[in-house]
Amino acid sequence: DLENLYESLYDALNQYYMFLNNQRYVDLGLGTQRMKCRIDTNFKLIVVADSDTVTKRFPIPLINRLEKHFISISTVLTQEGIQVSHKLAKWALDFSSLCKDRLAVFQKMKNYTLEECFTGFNDETVSFIVFDVINHMHRERIPTEEEIDTTEALRRSKELLLKMATIEAVLRVKESRLHTEAKSITSEYFKFNLCTLQDYLKHIFGDTSLCTNELGVHLTLATTHSKFLSEKEVEKLILSTGVNIRCISLHQFQTEYQYTREIQMFLTEEPEIGSNKKTLLVQCERGVDNTKLIACARHKMVDELKDWREENKKSKFGVFVVFLILLNRQ
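Residues numbered from 1 in each chain as written. Predicted model: local features only at pLDDT ≥ 70, side-chain atom pairs only at ≥ 80, totals over all residues. Heavy atoms only, no water.

K.L.:
Could you clarify how one ought to interpret the overall build of the protein chain in this entry?
P.N.:
Each helix and strand counted, the protein chain has 15 helices and seven strands in total. Across the 330 residues of the protein chain, 37% fall into the buried class. Within the protein chain, contacts between residues separated by at least 24 positions form 68% of all contacts whose residues are at least 6 apart in sequence. Per element, the accessible surface of the protein chain, about 21,600 Å² overall, is 52% carbon and sulfur. (Helix = DSSP H or I, 4+ residues; strand = E, 2+ residues; numbered from the N terminus. Buried < 20%, exposed > 50% of the residue type's maximum accessible area, 1.4 Å probe, protein only. Contact = heavy atoms within 4.5 Å. Areas by Shrake-Rupley, 256 points an atom, 1.4 Å probe, with all protein chains shown as cover.)

Here it is, written out as structure tokens:
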């Protein structure tokens with residue numbers, strides 16, 4: 001909701017200050033509420049916003065007052081990364097496109113868009129995947145090695161992108177431009193993709209390496225086309241996994257304070273006797289329409305997890321947080 005504050009920044013941007021005891025003050029307001037805020041002598045203002053938000057919601061005078069820079073993950077890729085990203089983008093396009101000799105046979109079938117083939121795909125997806133893969137490879141690299149193996153980087157990048165693929169796109173790959181790779185793609189996909197939430201939870205509970213991050217917890221985001229979990233379904237998950245699971249919805253909270261209190265209550269609860277793990281399932285519907293809500297909830301969750309881990313460094317039980325985002329089929 002910071003956009004509501006931007007129009008009150010004009011006095012600061014125009015350096016329209018009031019001076020008191022050699023200190024600079026400026027009026028900032030939200031709606032009818034205004035107050036004087038002290039401005040440090042080294043004050044700098046940086047506004048980070050999505051390009052669509054800037055063009056659709058920012059007042060023109062505010063845009064004109066700011067020095068503008070467009071930041072994209074692709075601009076920070078090395079030459080190796082750029083080469084891998086180009087090959088990965090072509091692979092993704094081939095994955096979604098029907099082979100020419102199949103078009104005549106399957107006239108009613110159409111090419112899928114990349115967004116239909118890969119859940120959450122956008123213009124930055126390919127670059128983000130390559131950037132992440134190369135960073136991991138740099139950390140694993142032997143000091144005497146000077147260059148990253150681009151073939152291995154491409155293989156790992158394909159593997160990550162394939163994890164985002166929808167099952168119908170994978171089943172149709174035999175009719176795509178990648179039909180010669182269909183068998184290996186399908187085999188790879190079903191090897192690591194778990195079909196149900198129950199399978200996924202059992203997987204992460206059984207992998208001890210998942211709790212070795214800086215927070216000491218496992219935080220993940222999963223997408224689904226299914227409906228909200230009912231109380232009975234949650235009870236079945238608890239019985240099948242043997243782990244204490246609390247399920248909440250982002251839409252049940254009216255304020256950030258309520259959401260924060262729920263997280264704190266979950267973190268301070270001791271696991272049930274005989275269990276060293278506990279899980280919080282955070283559900284959110286209409287994921288495409290609630291991207292800001294999800295981002296805000298995730299950042300708040302990370303902050304609370306950091307504070308909790310700082311206060312409980314000797315805690316030996318595992319904490320698992322899964323954001324379950326419901327997406328509508330196009």
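There is more to say after this.
K.L.:
Can you help me understand the environment of histidine 136 in this one?
P.N.:
Mapped onto the fold, histidine 136 is located in helix H8 (residues 125-140). Remark: the alpha-carbon pair of histidine 136 and alanine 153, spanning 17 residues in sequence, is separated by 9.7 Å.

K.L.:
How should I be thinking about the side chain of arginine 24 in this particular structure?
P.N.:
Note that arginine 24 resides in strand E2 (residues 23-30). For the buried arginine 24, no salt bridge exists, and the shortest N-O distance to an oppositely charged side chain is 6.3 Å, to aspartate 40. The contacts of arginine 24, once residues within four sequence positions are left out, are Tyr17, Met18, Phe19, Cys37, Arg38, Ile39, Asp40 and Thr41. (Lys, Arg positive; Asp, Glu negative; His and termini not counted. Salt bridge = Lys/Arg side-chain N within 4 Å of Asp/Glu carboxyl O.)

K.L.:
Teacher, can you tell me more about the nonpolar core here?
P.N.:
The nonpolar side chains of a soluble globular protein tend to be buried with one another. Within the largest apolar cluster, 29 residues are counted, with the highest numbers of intra-cluster contacts made by Leu88, Trp91, Phe95, Phe118, Leu161 and Leu162. Among the secondary structure elements, those contributing two or more residues to this core are helix H5 (79-96), H8, helix H9 (150-163), helix H10 (167-171) and helix H11 (182-192). Top contributing element to this core by residue count: H8, with six residues. Ranked by size, the runner-up nonpolar core spans 22 residues in total, among them Phe253, Leu280, Ala297 and Met301. (Core = buried A, V, L, I, M, F, W, Y, C linked by side-chain atoms within 4.5 Å.)

K.L.:
Which parts of the structure should I look at to understand the pattern of salt bridges?
P.N.:
Pairing between side chains of opposite charge can happen when their charged atoms approach one another. Scanning the model with the defined rule gives twelve salt bridges in all. Linking lysine 36 and aspartate 27 is a salt bridge whose minimum nitrogen-to-oxygen distance equals 2.9 Å. A salt bridge links glutamate 304 to lysine 300; its shortest N-O distance comes to 3.9 Å. Of this pair, glutamate 304 and lysine 300 both sit in helix H15 (residues 291-311), four residues apart, which is roughly one turn of that helix. With relative accessibility at 9%, the residue glutamate 304 sits in the buried group. Via salt bridges that share partners, Glu152, Arg155, Arg156 and Glu159 belong to a single interconnected network.

K.L.:
In this structure, what is going on with the side chain of threonine 125? I would like to understand it.
P.N.:
Relative to the elements of secondary structure, threonine 125 occurs in helix H8. Those residues in contact with threonine 125 that lie beyond four places of it in its chain are Gly120, Leu161 and Met164.

K.L.:
What exactly am I supposed to notice about the sheet that holds strand E6 (residues 277-284) here?
P.N.:
Within a sheet, neighbouring strands are paired by backbone hydrogen bonds and run either parallel or antiparallel to one another. Taken in spatial order, the four strands make up an open sheet running E4-E7-E6-E5, and their pairing is parallel. Whereas interior strands pair on both sides, the edge strands pair on one side only; in this sheet they are strand E4 (218-224) and strand E5 (244-249). Mean inter-strand twist for the sheet, computed between neighbouring axes without regard to direction, equals 20 degrees. As defined by bridge partners, E6 adjoins strand E7 (residues 318-326) across eight bridges and the pair is classed as parallel. Bridge pairing links valine 282 to phenylalanine 323 in E7. Across the face of the sheet, helix H12 (residues 197-206) comes into contact with E4, E5, E6 and E7 while running at roughly 150 degrees to E7. (Pairing = 2+ DSSP bridges. Axes fitted to C-alpha atoms, helices over the stretch in contact; angles between N-to-C directions.)

K.L.:
Help me understand the packing of H12 against helix H13 (residues 231-241), please; the structure alone is not making it clear to me.
P.N.:
When two helices pack together, their arrangement is given by the angle between their axes and by how far apart the axes lie. In the contact formed by H12 and H13, the axes pass within 10 Å of each other and the chain directions differ by 40 degrees. With respect to their mutual orientation, H12 and H13 come out oblique. Crossing handedness for the pair H12 and H13: right-handed. For the pair H12 and H13, contact is made by Leu197, Gln198, Leu201, Lys202 and Phe205 and by Leu237, Ser240 and Thr241, respectively. Looking at the contact of H12 with H13 residue by residue, the class counts come to four nonpolar, three polar and one charged. (Parallel < 35°, antiparallel > 145°, perpendicular 65-115°, else oblique. Left-handed = near helix turned anticlockwise from the far one by under 90°. Nonpolar A, V, L, I, M, F, W, Y, C, P; charged D, E, K, R; others polar.)

K.L.:
Which parts of the structure should I look at to understand the environment of histidine 69?
P.N.:
Residue position: histidine 69 is located in the loop between helix H4 (60-65) and H5. In this structure, the C-alpha to C-alpha distance between histidine 69 and valine 48, residues 21 residues apart in sequence, is 9.7 Å. Of the polar contacts made by the side chain of histidine 69, one reaches the side chain of glutamate 67; its length is 2.7 Å. (Polar contact = N/O pair within 3.5 Å; in protein donor to acceptor, adjacent residues only side chain to side chain.)

K.L.:
I keep staring at the packing of aromatic side chains and nothing clicks. Help me out?
P.N.:
Any two aromatic rings considered together are summarised by their centre-to-centre distance and by the angle between their planes. For the coordinates displayed, the defined rule picks out five aromatic pairs. Between tryptophan 91 and phenylalanine 95, the aromatic rings sit 5.6 Å apart at their centres with planes inclined by 40 degrees, giving tilted as the arrangement. Of this pair, tryptophan 91 and phenylalanine 95 both sit in helix H5, four residues apart, which is roughly one turn of the helix. Aromatic ring contacts, followed pair by pair, group Trp91, Phe95, Phe118 and Phe121 into a single cluster. Residue placement shows lysine 278 over the ring face of phenylalanine 266; its charged tip is 5.1 Å from the ring centre. (Phe/Tyr/Trp six-rings, centres within 6.5 Å; stacked < 30°, edge-to-face > 60°. Lys NZ or Arg CZ within 6 Å of the ring centre and 35° of its normal.)

K.L.:
What's the story with H15 in this structure? I'm lost.
P.N.:
One turn of an α-helix holds 3.6 residues; hence residues three or four places apart share an orientation. End to end, H15 covers 30 Å across 21 residues, agreeing with the expected 30 Å (1.5 Å per residue, within 8%). Of all the residues in H15, the buried ones are Ile294, Ala297, Met301, Val302, Glu304, Leu305, Trp308 and Arg309. Lining the buried residues of H15 we find E4, helix H14 (256-268), E6 and E7. (Expected span 1.5 Å × (residues − 1).)

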